[in-house]
Each structure stands twice: as structure tokens, then as C-alpha cells.
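Residue-level structure breakdown
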Amino acid sequence: ISSYEYTDAAGKTTAIKPIRNLNGHSMNPYQIHGGKTVPIVKSHDQTKMEEGEFYAIETFASNGKGWVVEDLECSHYMKVFDAPHTPLRVKSAKTLLNAIDENFGTLAFCRRWLDDIGQTRHILALKSLVDNDLVQPYPPLCEQRGSYVSQMEHTILIKSTCKEVVSRGDDY
């Protein structure tokens, strides 16, 4: 965040602050959250970026408290990247896991997309996959009521001679 205030089109200035409990992160093939974090506020983290690694450099700003909590009904999920084989007793959970593997792999999906691929009765099966640590829920992250949150993100590749912004385009 390069500024600590925002001025809207009407000329009203509002103070903004970074959301302290959100970070950027490393990324691996088919693993969005690769294990290393990139804090957006000063910290004592000594993790080093290494050549060949990809990172999502994310900043989040808010005119609220600068802190988010998980709240409301969850609609987004992701298959756990390194989940061990787990025998499932519920047939509908096995069927749903196969559909997730075939259509999304370890990339994020929402419940509406499960409907779109014909998995219309998926609530209990999805709960079983979450309970067995095969699928990770990603509930909405909520800030103080009435506040606004913005996000900016770029993907970078760490090279031996530079850091390349691979997400840069004509529009951003």
C-alpha cells in the first residue's frame, strides 16, 4: 500500500490501513498456497525467497479495523494438495471426490460449480470430505461491518538476476 488514505471522486478523503492478518504467498504447480508467506506489514519473519519460486504478492487495504475474520456461509473450497488416501464410507463423498479430481484437481472451486457439473446434491458429501481433511473450506473473510476492503495482486518469478512480474499486462 503506497498511501494511507483514499480520496473518492467527490473529493472525500478516507483513512485506509493494511489488513494485518492477510499475506501474499508462494505458489507451486497446482498448489495455490505453496507454504511460504509474504507479510504485508512489518514482521520478524526471516523466510527468504529463492530462485525459481513464484509468489502472489498481495496487498489488502481497508477503511475498517485492518483485521478480517472468517464469517458467513462457506461457498469456496479447495482439495487439499497433499492429502493422504483416505477410505471414505459414504458413497456420495467418493463420487464427489472423483468429480472434484476430474474437474478441478487442487484448484479452488465453489459450490455453484459443483451444481454445474451435475453434482447437485453435494452438501452432505462435501461435509464428509471436509471432515476427512480431503477438502479445505475457504469461508468469506469479513472486516468490520460497513467497511470496504480492496486487494491488489501480482504474480512474480524470482530469477537469478531479477524479479519478473509475470502477471503484468496492458490493463494492469
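Structure: see above.
What you see is a predicted model, and the numbers here were worked out from it, not measured in a lab. (Residues numbered from 1 in each chain as written. Predicted model: local features only at pLDDT ≥ 70, side-chain atom pairs only at ≥ 80, totals over all residues. Heavy atoms only, no water.)

**Describing the overall build of the chain**
Going by this rule: Helix and strand assignments come from DSSP, with helices taken as H or I runs of at least 4 residues and strands as E runs of at least 2, each series counted from the N terminus. Only protein chains enter the accessibility calculation, which uses a 1.4 Å probe; a residue whose area is less than 20% of its type maximum is buried, one above 50% is exposed, and one in between is partly exposed. For this analysis, residues touch if any pair of their heavy atoms sits within 4.5 Å. For accessible areas, the Shrake-Rupley method is used with a probe of radius 1.4 Å. Any residue's cover is judged against the shown protein chains and nothing else.
Each helix and strand in the chain was counted, giving three helices and 13 strands. Along the three orthogonal principal directions, the C-alpha set of the chain runs to about 55 × 45 × 35 Å. Looking at the chain residue by residue over its 172 residues, the buried ones come to 31%. Long-range pairs, those at least 24 residues apart, make up 65% of the contacts in the chain with a sequence separation of at least 6. In the structure as shown, the chain presents an accessible area of about 11900 Å², 52% of it carried by carbon and sulfur atoms.

**Brief notes about the packing of aromatic side chains**
Here is the rule we go by: Any two of the Phe, Tyr and Trp rings considered here, Trp counted by its six-membered ring, make a pair once their centres fall within 6.5 Å; the pair's planes then place it as stacked at under 30 degrees, edge-to-face at over 60, or tilted in between.
All told, the structure shown has three aromatic pairs when counted by the stated rule. Here the aromatic rings of Phe104 and Trp113 are separated by 6.2 Å at their centres, their planes lie at 25°, and the arrangement is stacked. According to the relative accessible area criterion, Phe104 is buried, its value standing at 14%. Cluster of aromatic residues (ring-pair linked, three or more members): Tyr77, Phe104, Phe109 and Trp113.

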